[in-house]
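# Secondary and tertiary structure notes
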Amino acid sequence: MRNLGVRLKLSGIILMVPLLLFAQPRLIKVNKQQKFQKQLPAGNFSGITWLGDDRYALVSDKGDDGFYVFRLQLDTKKGKIKSAENVGFFSTGKPNCDAEGIAYVPETNTLFIGSEQTTSVRELSIDGKETGRQLEVPEVFLHHQPNRGLESLTYDARNKTFWTVSESTLQMDGGHSLLQNGKPERLRIQSFDGSLEPRSQYAYLMDTPKKNKDGRNHVHGVSELTALPDGRLIVLEREFYVPKKRVGASVVCKLYVVNPSEGTPLTTDEPLDDNAPFLSKTLLCEWKTRMNLLHQDIANYEGMCLGPQLPDGRQTLILVADSQNRYGGLMRDWFKCILLDLQGH
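All of the points below concern the structure found in this document. (Residues numbered from 1 in each chain as written. Predicted model: local features only at pLDDT ≥ 70, side-chain atom pairs only at ≥ 80, totals over all residues. Heavy atoms only, no water.)

### Section: the pairing of strand 5 (residues 45–52)
For strand 5, the buried fraction is high: 7 of the 8 residues fall into the buried class. By the bridge criterion, 6 bridges tie strand 5 to strand 6 (residues 55–60) in an arrangement that is antiparallel. Across the sheet, Thr 49 pairs through a bridge with Ala 57, a residue of strand 6. Between strand 5 and strand 6, which pair antiparallel in sequence order, lie 2 residues; one of them, Asp 53, sits at a positive phi of approximately 55°. (Buried < 20%, exposed > 50% of the residue type's maximum accessible area, 1.4 Å probe, protein only. Helix = DSSP H or I, 4+ residues; strand = E, 2+ residues; numbered from the N terminus. Pairing = 2+ DSSP bridges.)

### Focus: the nonpolar core
In this structure, Ile 234, Leu 255, Trp 287, Tyr 301, Leu 317, Leu 319 and Ile 338 are the most contacted members of the largest nonpolar core, which totals 28 residues. Only strand 18 (233–242), strand 19 (249–258), strand 20 (281–291), strand 21 (301–309), strand 22 (315–321) and strand 23 (334–341) provide two or more residues apiece to this core. Take this core: its biggest share by element is 5 residues, from strand 19. Among residues more than four places away in sequence, those in contact with Ile 338 are Leu 27, Lys 29, Val 30, Leu 255, Cys 285, Trp 287, Gln 315, Thr 316, Leu 317 and Leu 319. Formed by 19 residues, the second largest nonpolar core is a distinct cluster that contains Ile 48, Leu 74, Ala 84 and Ile 318. (Core = buried A, V, L, I, M, F, W, Y, C linked by side-chain atoms within 4.5 Å. Contact = heavy atoms within 4.5 Å.)

### A word on the environment of Asp 61
Residue placement: Asp 61 occurs in the loop between strand 6 and strand 7 (64–74). Residue Asp 61 is classed as buried on the basis of its relative accessible area of 10%. Sequence separation between Asp 61 and His 143 is 82 residues; the distance between their C-alpha atoms is 20 Å. Beyond its immediate chain neighbours, meaning those up to four positions away, Asp 61 contacts Asn 44, Ser 46, Asn 96, Asp 98, Ala 99, Glu 100, Glu 302 and Asp 322.

### What about the sheet that holds strand 15 (residues 186–192)?
Ordered by their spatial adjacency, 4 strands build an open sheet running 13-14-15-16, and the pairing between neighbours is antiparallel. Of all strands in the sheet, those with a lone pairing partner are strand 13 (154–156) and strand 16 (198–205), marking the two edges. Sheet twist, expressed as the average angle between the axes of neighbouring strands with direction ignored, equals 25°. Sheet analysis places strand 15 next to strand 16, joined by 6 bridges and oriented antiparallel. Across the sheet, Arg 188 pairs through a bridge with Ala 203, a residue of strand 16. (Axes fitted to C-alpha atoms, helices over the stretch in contact; angles between N-to-C directions.)

### Considering the pairing of strand 15
In terms of burial, strand 15 is largely enclosed, as 7 of its 7 residues are buried. Burial of the side chains of strand 15 extends over both faces: Arg 186, Arg 188, Gln 190 and Phe 192 are buried on one face and Leu 187, Ile 189 and Ser 191 on the other. In this structure, strand 14 (residues 161–165) lies alongside strand 15, joined through 4 bridges in antiparallel fashion. Residue pairing across strands places Thr 164 opposite Gln 190, the latter belonging to strand 15. Linking strand 15 to strand 16, which pair antiparallel, is a turn of 5 residues; within it Leu 196 sits at a positive phi near 75°.

### A closer look at the environment of Glu 286
With respect to the helices and strands, Glu 286 occurs in strand 20. Setting aside residues no more than four positions away along its own chain, Glu 286 makes contact with Lys 210, Val 252, Cys 253 and Lys 254.

### A look at the state of the cysteines
One pass over the full model with this rule turns up 0 disulfides. You can see Cys 285 has no disulfide; the closest cysteine sulfur is in Cys 253, sitting 9.1 Å from it. Assessed through its relative accessible area of 7%, Cys 285 is described here as buried. (Disulfide = S-S within 2.5 Å.)

### Details of the side chain of Ser 152
Structurally, Ser 152 is set in the loop between strand 12 (130–134) and strand 13. At 3.2 Å, the side chain of Ser 152 and the backbone nitrogen of Glu 224 are in polar contact. Here Ser 152 is in contact with Trp 163, Thr 164, Val 165, Val 222, Ser 223, Glu 224 and Leu 225, once residues within four sequence places are set aside. (Polar contact = N/O pair within 3.5 Å; in protein donor to acceptor, adjacent residues only side chain to side chain.)

Rendered as structure tokens:
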């Protein structure tokens, strides 16, 4: 990020006003995914957020309500995770309501957790106690497909803005019929201001699903958002397909960058159609994992956050997969570290 100066002359006084310029994020490296089976507990990890230093908070969509804190130490040259440690679980003492997203707010030293079952985003203290505050989620998000509601949560600390989105198309916008017909999902990305009130809503159009045939399970949706320092968002599109015989299951993940400030906010609650003002998106990277006789690396990535900058300025992006408690002894709690250039070097 380059810090320039703009000279403004007011009443004979010359002021130097800092001007922050950001380049389009550039992919540097996609590291291979890693697992830490002995160091970390099995889980259903669906969200991750960076707390600073080497500490991260993660939520699981099953089990007790609350969050884990892990220490993930990075190799500053390769950008890989070189060690992992479970610091502990911080419980609210309540049942889990399908926690899917988590975001850390530095100025209040609190965490916000998004729950799909209750369509709510509540605030917790750093020791796991509920504060009683929550985002004022618009009613339209209550009418989602079963188990396809609020899946994502991120916080832009520079602009004091929260962002979330439903995993798949809301009922009023077409619901499950789009996936059944092999058409792209139409989503609504929602922002909230620092007072936790709704701000702006934007239309987002996913890619056409790669699979268009019956199977045991087919999930096509946005599983996470990550806010960048300049107000842009990284969107994780994920397509998880399981054939009827299970063999040959695969997950395709795509990372796109969108800039809401260049988009047109939605002004009505009318259903989204092909003419909606969908955000323009730029592909950052794509990868595929699978489960078959040759590959045992299937990974359903659901959590994503910015980590620290490496000493040379490269920005880390950390992802975690939901293994469904290491289902069948075949799935793993995979982690992945991607390196980005956010400074245009």
